[in-house]
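Observations on the three-dimensional arrangement
Spelled out from the first residue to the last, the chains are:
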Amino acid sequence: MEIKPGLSALLTGAASGIGKALSLALGEKGVFVTVVDFSEEKGKEVAVLIQKANAKFHSNLEFPTAQFVKCDVTNTRDLAAAFEKHVATYGGLDICINCAGIGTSTPFHKDETDGTRSWRRTVDVNLTAVIDCTRLAINAIKDAQKPGVIINLGSASGLYPMFNDPIYAASKGGVVMFTRSLVPFKRQGIRINVLCPEFVETDMGSKISPKFVDMMGGFVPMQMVIKGAFELISNENRAGACLWITNRRGMEYWPSPAEEAKYSVGPSASKKRLPSMGPVDVQLPHSFEKIVVHTLSHNFRSATRIVHVPLRLPIGPHEVLVKVIYAGVNASDVNFSSGRYFSGDDKDIQSRLPFDAGFEAVGLIAALGDSVRHLKVGTSAAIMTYGSYAEFTVVPAKYILPIPRPDPEVVAMLTSGLTASIALEKAGQMESGKVVLVTAAAGGTGQFAVQLAKLAGKKVVATCGGKEKAMLLKEFGVDRVIDYKAENIKSVLKKEFPKGIDIIYESVGGDMFNLCLNALAVHGRLIVIGMISQYQGEHGWTPSNYTGLCDKILAKSQTVAGFFLIQYGHLWQEHLNRLFDLFSQGKLKISIDPKRFVGVNSVADAVEHLHSGQSVGKVVVCIDPTYSEKMAKL
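Sequence order as written defines residue numbering, which begins from 1 separately in each chain. Side-chain atom pairs in this predicted model are given and counted only at pLDDT of 80 or more, local residue features only at pLDDT of at least 70, and totals for whole chains, interfaces and linings cover all residues. Hydrogens are left out, water is left out, and the side-chain values use all remaining heavy atoms of the structure.

Some details on the overall build of the chain
The number of helices and strands found in the chain is 20 helices and 24 strands. The C-alpha atoms of the chain give a radius of gyration of 27 Å, which matches the 26 Å a tight globule of 634 residues would have. Referenced to the eigenvectors of the C-alpha coordinate spread, the extents of the chain come out at roughly 75 × 60 × 55 Å. For the exposure calls, accessible area comes from a 1.4 Å probe over protein chains only, and a residue counts as buried if that area is under 20% of its type's maximum, exposed if over 50%, partly exposed in between. Out of the 634 residues belonging to the chain, those deemed buried represent 55%. We call two residues in contact whenever any of their non-hydrogen atoms come within 4.5 Å of each other. Partitioning the contacts of the chain with sequence separation of at least 6, the portion at a separation of at least 24 is 70%. Per element, the accessible surface of the chain, about 29,100 Å² overall, is 53% carbon and sulfur. Starting at the N terminus, helices and strands are each numbered in turn, a helix being any DSSP run of H or I of at least four residues and a strand any DSSP run of E of at least two. Between the two quantities, the radius of gyration covers C-alpha atoms and the globule rule is 2.2 Å times the number of residues to the power 0.38. For every accessible area listed, the method is Shrake-Rupley and the probe measures 1.4 Å; residues are considered covered only by the protein chains on display.

As structure tokens, this is what we get:
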């Protein structure tokens, strides 16, 4: 659901804390808000603030853009009256967020009353009232006969034990499981999700021991909580979902698809899964080789050199030593070697030299820091950190992505696969169009984009250069392959798609970007994930000037969206698990470039091969062939 002026929202516990912050954030978007709370003074203040915030969207209305309703959420009559007043004022309900919550003042085992003023009250406010509010919200949304969203405020304490307040943890755990069990309502147009932030600096959060909060990474910023709520409102794919928010890991959905698969008994349970490999013995040498950038240049070969460095142990307490088996090659390696991904002037960037090269790899965990408890030596891992063009690399434990096996296909799923999966969902809003065009479609990321679009039920058009690449794309099920060596792309699009293309996944840049922009349909979305044609000019990456860009997209209500994978790190594991599942079920094919590159000393050759235009599929370097051969036998 797009958050826009004219929608209406009802929030409980809205006079303070998270409820207040979400109410004001919705008001800033022009949403009509009913503030429901027991505190009349604070509640009315919030309603006035919302009216001021959304005044720029509304004027001369016969009803207030925000209103306060005093309510004890444990009183069913009070709650029903609040919902009735909201619907009577705004004509329906689009969004309901249940934020009311309290902690337990007296330990339950020391409570000498019947619990009505302590632990039983906590359960009534935190769980029973949420169930009641959800029931009333469902009925209000159904009566309006249009889609709606309900968000229940859970807590990270509902996902793992909270020893100092087990009643609070129990009530929030109940909210989590209650909400996750409401997926079927999506069929009726009602998406119900649960938001689980860790400690937030509110009146309740301030009662937590500062030492414990610091140990957990500090308070979660309120802005991140708002971002999470807006994600659950706007993401049409989410129903019965639990969004967990921490400072340590950012935003991620819980549980992961891999964990969910352990109890899933749906149709996919009987499917063949990608076989996992058990722990492997890893021998540690005294030294190893890696590639470093020693001078800034878009010519990767001249910018880098191989260095021999000692393997130093022990590593830091929160670090992991990874033995690299396969490393992935990317078009942007030349941007990295020229320093384009670092902020600052030339002098600042020069001061970083030398720095390690490579973006992604799979391998084996070779050693763990003293504080790392959730990983095991000898198991498989993927990394997406600088320094992957090396025989060994040390990375923070939080950046380790668990995988079943360190295979080359898994390397392809990293930068290439994740870019396609997340970009199409987030920047492309896949559900928004029927026809998808993918440029450079036979490359590392293009192969994923065409297949994911087909799996989403879209008509897929793809461009490539050469018969071999065209054949590969037809094997992937592409509806229309345009080989630019045999056909004119512009003429084909104009003749066969006169109304334009709805979603374009573009990585070439230059003339191809212009061509795609002109081929975009009304309301179309053009996702820019790269511009490989501009990376290796005589003087490096030269930005292009697209005159009239604003005029074009304004005339047809189009969107040109940039996508940079690093800014979506909180989604990597979730989407990686999805790609694993599709691959293991045979729904996703992965093409690895047939040209073999072995050892650190072959990396520059591999980078040049990718930029030659001759590569097909994902270009991968086998850093250690001895281990890859052993695993093949396994």
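Structure's up, so let's keep going.
Some remarks on the sheet that holds strand S3 (residues 66–70)
Spatially, 8 strands are ordered S3-S2-S1-S4-S5-S6-S7-S8 in an open sheet, and the strand pairing comes out mixed. Edge strands, defined here as strands with exactly one partner in the open sheet, are S3 and strand S8 (250–254). Within this sheet the neighbouring strands show an average axis-to-axis angle of 20 degrees, counted without direction. Two strands pair when backbone bridges link them, and strand S6 (residues 190–197) and strand S7 (residues 242–246) are joined in this way by 4 bridges, in the parallel orientation. The partner of valine 194 across the bridge, within S7, is cysteine 242. Any two strands with at least two DSSP-identified bridges between them are counted as paired. All axes are obtained by fitting lines to C-alpha atoms, using only the stretch in contact for helices, and the reported angles, taken between N-to-C directions, cover 0 to 180 degrees.

Re the confidence of the model for the chain
A low pLDDT score tells you not to read the predicted coordinates there in detail. The predictor reports its confidence for every residue as pLDDT, a score running from 0 up to 100. Here the chain averages 88 in pLDDT, while 91% of its residues score no lower than 70. Strand S4 (residues 95–98) holds the highest mean pLDDT among the elements of the chain, 98, whereas helix H20 (residues 625–633) holds the lowest, 60. Contacts for the low-pLDDT stretch residues 266–273, under 50 throughout, to residues beyond four places or in other chains number 10 contacts.

A closer look at helix H1 (residues 17–28)
A rise of 1.5 Å per residue sets the reference length of H1, with its 12 residues, at 16 Å; its end C-alpha atoms lie 17 Å apart and thus fit the reference within 8%. Inspection of H1 places Ile18, Gly19, Ala21, Leu22, Ser23, Ala25, Leu26 and Gly27 among the buried residues, and these make up the whole buried set. Where H1 ends, the next residue or the one after it, glycine 30, has phi of about 85 degrees, a positive value. Here a helix's expected span is defined as the number of its residues, less one, multiplied by 1.5 Å.

Observations concerning the pattern of salt bridges
Only one rule defines a salt bridge in this text: a Lys or Arg side-chain nitrogen within 4 Å of an Asp or Glu carboxyl oxygen. Applying the stated rule across the entire model yields 20 salt bridges. Note that arginine 191 is salt-bridged to glutamate 236, the shortest N-O span being 3.5 Å. Of this pair, arginine 191 sits in strand S6 while glutamate 236 sits in the loop between helix H7 (222–234) and S7, and the two are 45 residues apart along the sequence. The closest approach of N and O atoms between glutamate 360 and lysine 618, which form a salt bridge, is 2.7 Å. With glutamate 360 in the loop between strand S12 (355–356) and strand S13 (361–368) and lysine 618 in the loop between helix H19 (603–611) and strand S24 (620–622), this residue pair connects regions lying 258 residues apart in the sequence. When sorted by exposure, glutamate 360 lands in the same class as lysine 618, which is buried.

Looking at the environment of glycine 101
By secondary structure assignment, the location of glycine 101 is in the loop between S4 and helix H4 (119–144). Beyond its immediate stretch of four places on either side in the chain, glycine 101 contacts Val125, Asn126 and Met204.

Focus on the nonpolar core
Judged by nonpolar contacts, the single largest core of 67 residues is most densely connected at Val450, Leu473, Tyr505 and Ile527. When residues in this core are grouped by element, the largest group, 10 residues, is from helix H12 (residues 408–426). Excluding anything up to four places from it in sequence, valine 450 contacts Val438, Ala441, Val460, Ala462, Leu473, Phe476 and Val478. The definition of a nonpolar core used throughout is a set of buried Ala, Val, Leu, Ile, Met, Phe, Trp, Tyr and Cys residues joined through side-chain atoms within 4.5 Å.

Considerations on the packing of aromatic side chains
Both the distance between ring centres and the angle between the ring planes are used here to describe each pair of aromatic rings. Pairing of aromatic rings covers Phe, Tyr and Trp, the last through its six-membered ring, and needs centres within 6.5 Å; plane angles under 30 degrees mean stacked, over 60 mean edge-to-face, and all others mean tilted. Per the stated rule, a full pass over the model turns up 10 aromatic pairs. Note on phenylalanine 32 and phenylalanine 63: the rings are 5.2 Å apart at their centroids and 85 degrees apart in plane angle, and the pair reads as edge-to-face. One end of the pair, phenylalanine 32, is in strand S2 (residues 32–37); the other, phenylalanine 63, is in the loop between helix H2 (40–53) and S3, and 31 residues separate them in sequence. Note on phenylalanine 32: relative accessible area 8%, which makes it buried. Exposure remark for phenylalanine 63: the relative accessible area of 30% places this residue in the partly exposed category. These aromatic residues form a ring-pair network of at least three members: Phe336, Phe355, Phe359 and Tyr386. Definition used: whenever NZ (Lys) or CZ (Arg) falls within 6 Å of the ring centre and also within 35 degrees of the ring normal, the charge is taken to sit over that ring. Sitting above the plane of the phenylalanine 38 ring, lysine 70 keeps its charged end 5.3 Å from the centroid.

So, the sheet that holds strand S17 (residues 435–438)
Backbone hydrogen bonds hold the strands of a sheet together, and the pairing may be parallel or antiparallel. An order of S19-S18-S17-S20-S21-S22 is seen for the 6 strands of this open sheet, with the pairing classed as parallel. Strands at the two margins of the open sheet, each flanked by one partner only, are strand S19 (480–483) and strand S22 (559–562). When strand polarity is set aside, the average angle formed by the axes of neighbouring strands in this sheet is 15 degrees. In this structure, S17 lies alongside strand S18 (residues 459–464), joined through 4 bridges in parallel fashion. Bridge pairing in S18 places valine 436 opposite valine 460. Sheet contacts for H12: strand S20 (501–506) and strand S21 (520–528); angle to S20, the most-contacted strand, approximately 150 degrees.

Some words on empty space enclosed by the protein
Buriedness of a pocket was judged along seven lines, with at least five required to meet protein on both sides within 12 Å; pockets are open sets of points on a 1 Å grid over the protein atoms alone, cavities are sets where a 1.4 Å probe fits but cannot get out, and lining residues have an atom within 4 Å of a point. Grid points are joined across faces, edges and corners, and a volume is the space filled by probe spheres set on the points. Inspection of every chain in the model, using the stated rule, returns 1 cavity of 30 Å³ or more. Around the largest cavity sit Thr12, Val73, Asn98, Ala100, Val125, Ala129, Val130 and Cys133, which together line it. Among the elements that line the lining of the largest cavity, the one with the most residues is H4, at 4 residues. In terms of residue class, the lining of the largest cavity is made up of 6 nonpolar, 2 polar and no charged. In the scheme used here, Gly and all other residues not listed as nonpolar or charged are polar, with Ala, Val, Leu, Ile, Met, Phe, Trp, Tyr, Cys and Pro taken as nonpolar and Asp, Glu, Lys and Arg as charged.

Things to note about the side chain of asparagine 330
Within the element layout of this structure, asparagine 330 appears in the loop between strand S11 (319–328) and helix H10 (333–337). Whenever two N or O atoms come within 3.5 Å, that pair is a polar contact, provided that in protein one can donate a hydrogen and the other can accept it, and provided that, for residues adjacent in sequence, both atoms are side-chain atoms. Within the local environment of asparagine 330, its side chain forms a polar contact with the side chain of glutamate 360, the two groups lying 3.0 Å apart. Leave out the neighbours within four places in its chain, and asparagine 330 touches Phe359, Glu360, Tyr389, Thr415, Ser416, Leu610 and Lys618.

What to know about the packing of H1 against H7
Packing of H1 against H7 leaves a shortest axis separation of 10 Å and a crossing angle of 60 degrees. Judged by the sense of rotation from one axis to the other, the crossing of H1 with H7 is right-handed. For the pair H1 and H7, the contacting residues are Gly17, Ile18, Ala21, Leu22, Ala25 and Leu26 in the first and Met222, Val225, Ile226, Ala229, Phe230 and Ile233 in the second. Here the contact of H1 with H7 is built from residues that sort into 11 nonpolar, 1 polar and no charged. A crossing counts as left-handed when the near helix is turned anticlockwise from the far one by less than a right angle, and as right-handed when that turn is clockwise.

Let's talk about H7
For H7, with 13 residues, the first-to-last C-alpha span of 18 Å sits near the 18 Å given by 1.5 Å per residue. Among the residues making up H7, those that are buried are Val225, Ile226, Gly228, Ala229, Phe230, Glu231, Leu232 and Ile233.

Some details on the state of the cysteines
In this description, the term disulfide denotes a pair of cysteine sulfurs within 2.5 Å. Tallied over the full model, the rule gives 0 disulfides. Looking at the unpaired cysteine 133, the closest cysteine sulfur is the one in cysteine 96, lying at 6.0 Å.

Notes on the environment of threonine 104
Tracing the backbone shows threonine 104 in the loop between S4 and H4. On the basis of relative accessible area, threonine 104 is assigned to the buried category, the value being 18%. Each C-alpha atom of the pair threonine 104 and asparagine 164 lies 9.6 Å from the other, and the pair is 60 residues apart in sequence. With residues up to four places along the chain from it excluded, the contact list for threonine 104 reads Ser118, Trp119, Thr122, Asp165, Ile167 and Tyr168.

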